[in-house]
Amino acid sequence: MRAVNAAVMRRFNRQLILNRIRKGPVSRMELAEATGLTRASVAQIVEQLIGEGIVVETLRSGRERSGRRSTQLTVVGSAGMIFGVSLNAERCEVGAINLRGDTLSRSAELVSGRSLQEVLEAIAGAIQRQSEALGKPAALRPSIGVCVPNAWLSEDDCEQMAAYLTRATQMEVRIECTAHALALEHLYFAHVPANFALLRVDEALTASVVLEGQLIRGARRTALAVGRVHARGDGWLDGWASVPALLRDTPYPSWTHLMERAHRPDAAAAIDRAVSSLAPVAIATLNVFGLDRLVLAGLSGDALLARMNEAVSGRTVLAARSPVMLALPENPVRTGAMPAYHALFGLELD
């Protein structure tokens, strides 16, 4: 048991150091200070990472007090390649990112009207074609991340997806619901505090919570189904504040189209509905979990953001003024890759 624990801690320390290097150039001394590990432990892990081709040394501009030039460590973006698969009811985005999160390839596959087996075959084919075009990464074996809607997270379907894609591509596969994948994307690529929630407004309303940098998962790895609560006696909140509900009885085909005409009365009414329904959810989530920030995904627009912050500010325990922020621009490939990206850089003890 002791040997197992030691192995787990070695892996955790490795990911702790790798994740800190991922954030930007850092020296060995700064790594020791930031992680609390001994310089000897840091040096050993860093040398392993350099030997594997994942990390490289660069000279720091300027000199230390001693007059010597110091070195910094950075992650080699081309050292690894992670495929991202983002699934919804209509289509599937398939592509690859490098270790810095840059999109390397992207294609789309139709989902509507196809069986799960047909969709999986199309995904595997797209990954194989892109893998051949991109070539083999410098150091790490490629892996696959998959994100799916909350309602799709049945154990049988997930096991079937993972097993098929593993056999077809010979790559490790990680699966998360879309809200969790989006939360991980913001954890790694957005300026968010260590404690935040992401509220995704789409066909349904789901939320994901991150506490001290750790993703909190529900049963079967699901997100919080916040849309499945009663609202105003009109049924589920999904039926009141989801994107299809907000666009109902308006001439707008999408939320983006609506926001471009936010000054119109019917568009303003839709924004009012969104704020009146989502602000209480935001306030409750921020207060229950003691969070600093809420990321709103699926809806956009300065008018909506201003109204949300007006409704939420001053009604939370810990969050500062303007606690609501809009999500990063959509990047389905990177979002899909996040489960596998998190497996490489995440700080989770099994």
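Up top is the structure.
Residues numbered from 1 in each chain as written. Predicted model: local features only at pLDDT ≥ 70, side-chain atom pairs only at ≥ 80, totals over all residues. Heavy atoms only, no water.

## Considering the overall build of the protein chain
Under the convention used in this document: Only DSSP runs of H or I reaching four residues or more are called helices, and only runs of E reaching two or more are called strands; each is numbered from the N terminus. Computation of the radius of gyration draws on C-alpha atoms, with the globule rule given as 2.2 Å multiplied by the number of residues to the power 0.38. Using a 1.4 Å probe on the protein chains alone, a residue whose accessible area is under 20% of its type maximum counts as buried, one over 50% counts as exposed, and one in between counts as partly exposed. In what follows, a contact means two residues having at least one pair of non-hydrogen atoms within 4.5 Å. For every accessible area listed, the method is Shrake-Rupley and the probe measures 1.4 Å; residues are considered covered only by the protein chains on display. In this tally, Lys and Arg are treated as positive and Asp and Glu as negative; His is ignored, and so are the chain termini. Where a charge lies is defined by one atom per residue type: Lys uses NZ, Arg uses CZ, Asp uses CG and Glu uses CD.
Within the protein chain, the regular secondary structure consists of 12 helices and 12 strands. Here the C-alpha atoms of the protein chain give a radius of gyration of 22 Å, agreeing with the 20 Å that 2.2 N^0.38 yields for 350 residues. Principal-axis analysis of the C-alpha atoms places the extent of the protein chain at approximately 65 × 50 × 45 Å. With 350 residues in all, the protein chain has 47% of them scored as buried. The long-range share in the protein chain, meaning contacts at least 24 apart out of those at least 6 apart in sequence, stands at 64%. Summed over its atoms, the accessible surface of the protein chain is roughly 17,200 Å², and 51% of this surface lies on carbon and sulfur atoms. Once the 38 positive and 35 negative side-chain charges of the protein chain are each reduced to a mean point, those two points are 8 Å apart.

## Quick look at the side chain of serine 313
Convention followed: In the analysis that follows, any N or O atom pair within 3.5 Å is treated as a polar contact, provided that within protein one partner can donate a hydrogen and the other can accept it, and provided that, for residues neighboring in sequence, both atoms belong to side chains.
Mapped onto the elements of the fold, serine 313 is located in the loop between helix H11 (302-312) and strand E12 (324-326). Only 3.2 Å separates the side chain of serine 313 from the backbone nitrogen of serine 322, close enough to count as a polar contact. If we skip the residues at most four places from it in the chain, serine 313 touches Arg321, Ser322 and Pro323.

## Quick word on the packing of helix H10 (residues 265-289) against H11
Heads up, the condition is: Every axis corresponds to a line fitted to the C-alpha atoms, with the helix fit spanning only the stretch in contact, and the corresponding angles, defined between N-to-C directions, vary from 0 to 180 degrees. For classification purposes, an angle smaller than 35 degrees is called roughly parallel, one larger than 145 roughly antiparallel, one from 65 to 115 roughly perpendicular, and anything else oblique. By definition, turning the near helix anticlockwise from the far helix through less than a right angle yields a left-handed crossing, and turning it clockwise yields a right-handed one. Under the convention adopted here, Pro, Cys and the residues Ala, Val, Leu, Ile, Met, Phe, Trp and Tyr are nonpolar, Asp, Glu, Lys and Arg are charged, and Gly plus all remaining residues are polar.
Following both chains from N to C, one finds H10 and H11 inclined at 45°, their axes separated by 9 Å at the closest point. The angle between H10 and H11 falls in the class oblique. Considering how the two elements wind past one another, H10 and H11 form a crossing that is right-handed. Along its contact with H10, which presents Ile271, Asp272, Ala274, Val275, Leu278, Ala279, Ala282, Ile283 and Leu286, the element H11 presents Ala303, Leu304, Arg307, Met308, Ala311 and Val312. Broken down by class, the residue content of the contact of H10 with H11 amounts to 13 nonpolar, no polar and two charged.

## Points about unusual backbone geometry
It is generally the case that most residues other than glycine have a negative phi and that most peptide bonds are trans. Of note in the backbone geometry, glutamate 212 takes a positive phi value of approximately 50° without being a glycine. Examined against the element boundaries, glutamate 212 turns out to sit in the loop between strand E9 (205-211) and strand E10 (214-216). Note on glutamate 212: relative accessible area 59%, which makes it exposed. Its identity is not glycine, yet aspartate 249 carries a phi of approximately 65°, on the positive side. Along the chain, the position of aspartate 249 falls in the loop between helix H8 (243-247) and helix H9 (255-259). Residue classification places aspartate 249 among the exposed residues on the basis of a relative accessible area of 77%.

## Quick look at the pairing of E9
The side chains of a regular strand alternate between both faces of the sheet. So the rule is basically this: Each pair of strands is called paired provided DSSP finds at least two bridges between the two strands.
A large share of E9 lies buried, amounting to six of its seven residues. Across six bridges, the pairing between strand E8 (residues 196-201) and E9 is antiparallel. Bridge assignment links leucine 199 to a residue of E9, and that residue is alanine 207. Two successive antiparallel strands, E8 and E9, enclose a turn made up of three residues. As judged from the three bridges shared by E9 and E10, these two strands associate in the antiparallel manner. Looking across to E10, one finds that valine 209 is bridged to isoleucine 216.

## Examining a nonpolar patch on the surface
Test applied: Patch membership needs two things, relative accessible area over 30% and no salt bridge, and members are linked within 9 Å if like-charged or within 5 Å if nonpolar (Val, Leu, Ile, Met, Phe, Trp, Tyr). Every case where a carboxyl oxygen of Asp or Glu lies within 4 Å of a side-chain nitrogen of Lys or Arg is listed as a salt bridge.
Among the surface-exposed residues, Leu224, Val288 and Phe289 lie close enough to one another that they form a single nonpolar patch of about 260 Å² accessible area. With respect to the helices, strands and loops of the structure, phenylalanine 289 is situated in helix H10.

## Some words on the packing of aromatic side chains
To be explicit about the condition: Stacked, edge-to-face and tilted are the three classes for Phe, Tyr and Trp ring pairs, Trp counted by its six-membered ring, which pair at centre distances within 6.5 Å; planes under 30 degrees apart are stacked, over 60 edge-to-face, the rest tilted. In this analysis the charged atom, NZ for Lys or CZ for Arg, is taken to sit over a ring once it is within 6 Å of the ring centre and within 35 degrees of the ring normal.
One pass over the structure, following the stated rule, counts three aromatic pairs. Between phenylalanine 189 and tyrosine 341, the ring centres sit 5.5 Å apart and the planes meet at 45°, which makes this aromatic pair tilted. Pair noted here: phenylalanine 189 is in helix H6 (residues 178-189) and tyrosine 341 is in helix H12 (residues 332-345), with a separation of 152 residues, a long-range link. Taken together, Tyr188, Phe189, Tyr341 and Phe345 form an aromatic cluster joined through their ring pairs. Sitting over the ring of phenylalanine 345, arginine 22 keeps its end group 5.9 Å from the ring centre. Looking at arginine 334, its charged tip hangs above the ring of phenylalanine 189, at a distance of 4.4 Å from the centre.

## A few points about the sheet that holds E9
Here five strands make up an open sheet; going across it, the order is E10-E9-E8-E11-E12 and the pairing mixed. Each having just a single partner strand, E10 and E12 make up the two edges of the open sheet. Sheet twist, expressed as the average angle between the axes of neighbouring strands with direction ignored, equals 25°. Along the sheet, H10 makes contact with E8, E9 and strand E11 (293-297), crossing E11 at roughly 140°. On the sheet, H11 packs against E11 and E12 and is oriented at approximately 165° with respect to E12.

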